[in-house]
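# Chain and residue survey
These are the residues of each chain, in order.
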Amino acid sequence: MKKLIRYSLLLIFIGIIALSVLSLFFFTPLQGSIQDLDHIIKYYISLHMLPFYIRAFIFIMTIIAIVAVYKNSLVLKKEIKYRKQIEKEARETGKSLEKSLALSKATLEATADGILVVDENRNISGHNQKFAKMWRIPPSCLAPGNDEAAVKHVLKQLKDPEGFVNSLHKLYNSEPTVEHFDELMFKDGRVFERYSKPQMRGDEVIGRVFSFRDVTQRKKMEEQLTYQATHDALTLLPNRVILIDRISQAIKIWKRSKKIGAVLFFDLDRFKLVNDSLGHDIGDILLQSVARRLELCVREHDTVSRLGGDEFVILLTGLGEERHAIPIVLKCLKALEEPFVIDKHTLSITSSVGVSFFPKNGKTPIELLKNADSAMYHAKAEGRNNYKIYANKMGIQTKKQLELINELHEAVKNNALTVYYQPVVDLKSASIVGAEALLRWNHPEWGFISPQEFIPIAEDTGLILKMGEWVLQTACLQNKLWQETGFPSLTMAINLSAQQFRQRNIPELITKVLQETNLDPQYLDLELTESVIMEDTQAFLKCMQELKKIGVHLVIDDFGTGYSSLSYLKRFPVDTLKIDIAFVAGLPGNSDDAAIVRAIIAMAQQLNLDVIAEGIETESQFSFLTENSCDMGQGFLFSKAIPAEEFSKLLKKNKFSSCHTTGRGDKKTTGAKGQIHLIENQP
Ligand code: C2E
Ligand code: MG
Ligand code: MG
């Protein structure tokens, strides 16, 4: 419209100019008709009346004006063109700006993260829809000026709103230019990762951009994986990883607080039996039930863990004194004693517990566990269903030894030991005059275990008392049985350990066994080693005298290997010397051994003692001993120690031998040589 007016005015102006020019030069001859023109045209005619130079001036000015107008119109045109150009460009720029704005908006909306932009005054200057959705903020709270409502909405969802506010304060006040990353925990369990970055214009901070990512699922998966790696799948108890970590933590706390801790190592007694007899499913349920019961016995900050199999470990922390752990151990043992009812089975299970304390029994988790484990084996060895506190010397015993102790307990309890008998032969008649009862342990997994291996253990643990009594009973009964079967009466030699003698009640025990088995005391030889005799106490002497009164015979076993003092031979009421296998082994070639054996035999004769040589393996040893008047002997040349039934077979042969002797009463009887046929019948 403006343009139209402008062009119209320009046309009118040009028209006036044109009329003026025409009136100046062309209307002069038309003067006559001037009167007919109206008063406006008269004005132009009057111009004609002006002097020439004025008209020329007007003309020139008019031309100038025309040129100026023309020029101006050109400039105008150019300006218009230019403006049009600018307008076009502006339109295009606007479009591309719009486009890029749309693009960034689309990008912002397309991201999986919630984005929030806050200006320098901490007011919300932008956000995407995802942000509102993630934070569950109603649109009204995000409207400009409603920042406070939005913040309230945010804070009420967080687990630690105070921490959130503090972190923002720190960011805005002391760290405005830093990038920041952390995690936000929600009351409903969600977890957001928060990343923020300052919004800059040149060097100036004009706001901050926050991006929030919902990592709840990832966190849950991570937690699940961590849980699986640190917990026992069956009982859901912490496993070794956590246990070791907790022990380490407890040790650190001890360094500050001086509160001690205890590691209780539980191993269920005979759990294998449950698995083997009722199956693994029942075994698994039993383990789960044990776990629950143990958890109920301890305080919340203690740790109950399962190391695997039937091994559980409890970590007690914050104890004032070591003794404070004991009631908890007893509580656990008692809790387990209550029968478990699983799938119609009523199961009774007990546990053995080893206890180690920190810092006393170890300063590292591994050391503490190892020592508690070792103490547990001792608890098992001492009869199970009890506890043992770690003592330094326990570490000396190897696990294998401790296992052996365990198994020996089991064997004694389940009557898994047997007595074998080795014949004692009268060397002159070569007939059986006695037997030595020797213990045998055939382990279901490990096979035959040598008495030299298990007798010392049995002595250490006190098991020898029970075992010794049983051997005594079994061997005496067996001897009586042979006698009743009609075999010539034999002497039964039974080994007694120092432990049994220290018990002091050995005379009563022997009397009892002899009465129960109805065996005549003269057919019982009790073998003692020199080391036992050399304990040389009045009480021991008295004990030996009492035994003599009962009527049994006393034999010194392994003679020559112990103490050199022979004075005890005079002081103690000994009947027989048993020459140790070590001297017999060197016969007849080793002159030293030969001399020693000759000397022992001579001495025995002088003291009116019987002599038995043990470990006779060869004919030449046999000959040497016979030639040197050794009374009796035993060894592989005749027979190894064998079960009672096999021994009976040997006796049958012996019985019908023309030159057999009939036991101790007949021991001086001489018979035909060379009844070695006995060994031909060996099994
Ligand atoms: P010991 O009382 O000196 O028993 C003799 C050992 O020599 C037995 O070993 C026997 O098998 C072995 N022996 C016999 N003849 C020969 C032979 O010709 N050559 C060789 N190389 N060895 C022969 P075993 O049965 O291994 O018993 C070892 C030791 O264990 C016994 O020595 C005894 O001290 C102890 N022992 C065995 N049974 C009992 C028991 O019931 N109670 C106690 N306290 N100790 C026992
Ligand atoms: Mg012996
Ligand atoms: Mg011996």
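Conventions adopted
- Residues numbered from 1 in each chain as written.
- Chains lettered and ligands numbered in written order.
- Predicted model: local features only at pLDDT ≥ 70, side-chain atom pairs only at ≥ 80, totals over all residues.
- Heavy atoms only, no water.
- Pairing = 2+ DSSP bridges.
- Helix = DSSP H or I, 4+ residues; strand = E, 2+ residues; numbered from the N terminus.
- Axes fitted to C-alpha atoms, helices over the stretch in contact; angles between N-to-C directions.
- Near = heavy atom within 4 Å.
- Polar contact = N/O pair within 3.5 Å; in protein donor to acceptor, adjacent residues only side chain to side chain.
- Areas by Shrake-Rupley, 256 points an atom, 1.4 Å probe, with all protein chains shown as cover.
- Buried < 20%, exposed > 50% of the residue type's maximum accessible area, 1.4 Å probe, protein only.
- Donors = N, O, S within 2.8 Å, 3.2 Å for Na, K, Ca; no water.
- Phe/Tyr/Trp six-rings, centres within 6.5 Å; stacked < 30°, edge-to-face > 60°.
- Contact = heavy atoms within 4.5 Å.
- Patch = residues over 30% accessible without salt bridge, like charges linked within 9 Å, V, L, I, M, F, W, Y side chains within 5 Å.
- Salt bridge = Lys/Arg side-chain N within 4 Å of Asp/Glu carboxyl O.

## Some remarks on the sheet that holds strand β6 (residues 260-268)
Strand order in the open sheet made by the five strands is β7-β8-β6-β11-β12, with mixed pairing throughout. The sheet is open, and its two edges are formed by β7 (303-308) and β12 (387-389), each paired on a single side. The mean angle between the axes of side-by-side strands here comes to 20°, regardless of whether they run parallel or antiparallel. Pairing of β7 with strand β8 (residues 311-319) involves five bridges; the strand directions are antiparallel. Across the sheet, the residue bridging to Val-304 is Ile-314, located in β8.

## Details of the site of ligand 1
Taken together, 21 residues sit near ligand 1, with Gln-422, Asn-495, Asp-557, Glu-617 and Phe-636 positioned nearest. Measuring from an oxygen atom of ligand 1, one finds a side-chain N or O atom of Asp-557 at 2.8 Å. One of the side-chain nitrogen or oxygen atoms of Glu-614 is found 3.4 Å away from an oxygen atom of ligand 1. Relative to its free-state accessible area of 790 Å², ligand 1 is covered by the protein chains to the extent of 83%. Within the residue set of the shell around ligand 1, elements represented by two or more residues are β14 (431-443), α15 (451-461) and β18 (553-559). The dominant element in the shell around ligand 1, judged by the number of residues it contributes, is β14, at four residues.

## Describing the pairing of β8
In terms of burial, β8 is a largely internal element, eight of the nine residues being buried. Where β6 meets β8, seven bridges bridge the pair, whose relative direction is antiparallel. From the neighbouring strand, Phe-265 faces β8, where its bridge partner is Val-313.

## Some details on the coordination of the magnesium ion (ligand 3)
Within the protein, the magnesium ion (ligand 3) binds to Asp-557 (OD), Asp-558 (OD), Glu-614 (OE) and Glu-614 (OE); these donor distances fall in the range 2.0 to 2.6 Å. Mapped onto the sequence, the donors of the magnesium ion (ligand 3) take the spacing D-D-x55-E. A relative accessible area of 10% places Glu-614 in the buried class.

## As for the sheet that holds strand β3 (residues 180-185)
Spatially, the five strands line up as an open sheet ordered β2-β1-β5-β4-β3, and their pairing is antiparallel. Every interior strand has two partners, whereas the edge strands, β2 (124-127) and β3, have only one. For this sheet the average axis-to-axis angle between neighbouring strands, irrespective of direction, equals 25°. In this sheet, strand β4 (residues 191-201) lies alongside β3 in antiparallel orientation, the contact comprising six bridges. Residue Met-185 lies in a different strand from β4, and its bridge partner there is Val-191.

## Things to note about the packing of aromatic side chains
If you walk through the whole model with that rule in mind, you get 14 aromatic pairs. Pairing Phe-131 with Phe-212 gives two aromatic rings, centres 5.7 Å apart and planes at 40°, and the pair type is tilted. Of this pair, Phe-131 sits in helix α4 (residues 129-135) while Phe-212 sits in strand β5 (residues 204-214); the two residues are 81 residues apart in sequence, bridging distant segments of the chain. As far as the burial class goes, Phe-131 and Phe-212 line up, both buried. Ring geometry for Phe-210 and Phe-212: centres 6.2 Å apart, planes at 10°, overall stacked.

## Comments concerning the packing of helix α10 (residues 271-278) against helix α11 (residues 280-297)
Running from amino to carboxyl end, α10 crosses α11 at an angle of 140°, the nearest separation of the two axes being 6 Å. From α10, Phe-271, Val-274, Asn-275 and Leu-278 reach across to α11, where they touch His-280, Ile-282, Gly-283, Leu-286 and Leu-287.

## So, a nonpolar patch on the surface
A grouping of Ile-5, Leu-9, Ile-12 and Ile-16 is seen on the molecular surface, where their side chains present a nonpolar patch of about 380 Å² in accessible area. Tracing the backbone through its elements, the reader meets Ile-12 in helix α1 (residues 2-25).

## Some details on the pairing of strand β13 (residues 417-426)
Of all ten residues making up β13, nine are buried, and the element is well covered by its neighbours. Alignment of β13 against β14, held across ten bridges, turns out to be antiparallel. Counterpart to Val-425 in the pairing with β14 is Ile-432. What sits between the antiparallel neighbours β13 and β14 is a turn of four residues, in which Ala-430 has the positive phi angle 55°. Taken together, the two bridges between β13 and strand β21 (residues 632-634) define a ladder with antiparallel strand orientation. By the bridge assignment, Asp-426 is partnered in β21 with Met-632.

## Digging into unusual backbone geometry
The amide bond that connects Phe-358 to the next residue, Pro-359, takes the cis arrangement and shows omega of 15°. Omega for the bond connecting Leu-587 with Pro-588 falls within 30 degrees of zero, at -10°, which places this linkage in the cis form. Assignment of secondary structure puts Pro-588 in the loop between α22 (581-585) and α23 (591-606). For Arg-122, which is not a glycine, the phi torsion comes out positive at approximately 65°. Position of Arg-122 relative to the elements: it lies in the loop between β1 (114-119) and β2. Of note, the phi angle at Asn-518 is positive, near 60°, even though the residue is not glycine. Take Asn-518: it is sitting in the loop between α18 (506-517) and β17 (524-529). For Asn-518, a relative accessible area of 53% translates into the label exposed.

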